[in-house]
Amino acid sequence: MFKIGIIGCGNIGEAIVRGIINSGKIKSTQIIVSDIDPDRVEAVVEKYNVAGTTSNTRVIENSEIIFLSVKPKDLEKTILPVKDAFNNKNIIISVLAGVKISKLKNLIPKATVVRIMPNTPVLVGEGAIGVSFEKDINSSKKEELIDILRSMGVVVEVDENLMDAVTGLSGSGPAYVFMFIEGLIQGGIKEGLSYKQAKELAVQTVLGSAKLIKEMGDHPSVLRDKVSSPAGTTIYALHKLEEKGLKDAVISAVSEATKRSRDLFK
């Protein structure tokens, strides 16, 4: 019997494996993974020393907590052939964007269902993870699951009707940040820095700024103002960012991604 089963060994599935193992809370020998691609299974097994299979039934029948990490469009073709394998001891943690707990409960009524939205920084234990629970979940089991999720990053519990907003903000958010970092790097190169120099400075600037907000607790605008000297370089740059609509563009990006998440499974 395994503590953790993972159906789907894509980027997020592998990130979950890595995060849990790196936390030291659950041993690799307590994890089993499955995927339709045997090469993908083999790669994850060799990398993390977990058990592997191409049989989702084996994962379901031999795991207590099962992460469902397939693409939303593949949900029914993944679950319907094996739905009779689920039992009332299974806890399903779904990472499928836009798929409601009620839909999963209709497909697998015996299992307890949890819905999460992680993002790719779970690969390095710095993920942002939104989570919603079905209403009748046992409180002690809920705390155990939150503790497991914390092995991969920060966990924020939200009402399920806000999970699409979580998808739009933090689920898709790393892509927005990567684009911003790319812009910083290209700006540095434009002004004469090498790619290596610009990348190192840009990445550390974003990392340090995020840490500053987290540890000091100030509103971002307060910290922004502390950097902005009268008639200095920063205020001139901020004026240009406002002129180009950076903040409005980011707000619109979050809203568009949220809308798309809502539309995936109406």
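(A) Seen up close, unusual backbone geometry. Look at N49: it is not a glycine, yet its phi comes out positive at around 60°. Its location among the elements puts N49 in the loop between helix 2 (38–48) and strand 3 (51–53). With phi around 60°, A231 is a residue other than glycine that occupies positive phi space. Judged by its relative accessible area of 69%, A231 is exposed.

(B) Up close: the packing of helix 1 (residues 11–23) against helix 2. Relative orientation of the contacting elements helix 1 and helix 2 amounts to 15°, with a least axis distance of 11 Å. By the criterion of interaxial angle, the relationship of helix 1 to helix 2 is roughly parallel. Read as a crossing pair, helix 1 and helix 2 show a hand that is right-handed. Touching N11, E14, V17, R18 and I21 of helix 1 are R40, K47 and Y48, all from helix 2. A per-class count over the contact of helix 1 with helix 2 returns three nonpolar, one polar and four charged.

(C) How the structure looks around the nonpolar core. Ranked by internal contacts, the top residues of the largest apolar core, which has 32 residues, are I4, V33, F67, V114 and I116. If we skip the residues at most four places from it in the chain, V33 touches I6, C9, V17, V41, V44, V45, V50, A51, G52, T53 and V59. Within the second largest apolar cluster, 22 residues are counted, among which are A85, L104, I108 and A111.

(D) The arrangement of the pairing of strand 8 (residues 153–157) in detail. In terms of strand pairing, strand 7 (residues 127–133) meets strand 8 through five bridges, oriented parallel. Within strand 8, the position partnered with G127 by the bridge is G153. Viewed along the sheet, the connection from strand 7 through helix 6 (residues 139–149) into strand 8 turns out right-handed.

Rules of the game
Residues numbered from 1 in each chain as written. Predicted model: local features only at pLDDT ≥ 70, side-chain atom pairs only at ≥ 80, totals over all residues. Heavy atoms only, no water. Helix = DSSP H or I, 4+ residues; strand = E, 2+ residues; numbered from the N terminus. Buried < 20%, exposed > 50% of the residue type's maximum accessible area, 1.4 Å probe, protein only. Axes fitted to C-alpha atoms, helices over the stretch in contact; angles between N-to-C directions. Parallel < 35°, antiparallel > 145°, perpendicular 65-115°, else oblique. Left-handed = near helix turned anticlockwise from the far one by under 90°. Contact = heavy atoms within 4.5 Å. Nonpolar A, V, L, I, M, F, W, Y, C, P; charged D, E, K, R; others polar. Core = buried A, V, L, I, M, F, W, Y, C linked by side-chain atoms within 4.5 Å. Pairing = 2+ DSSP bridges. Right-handed = clockwise from strand over helix to strand, strands pointing away.

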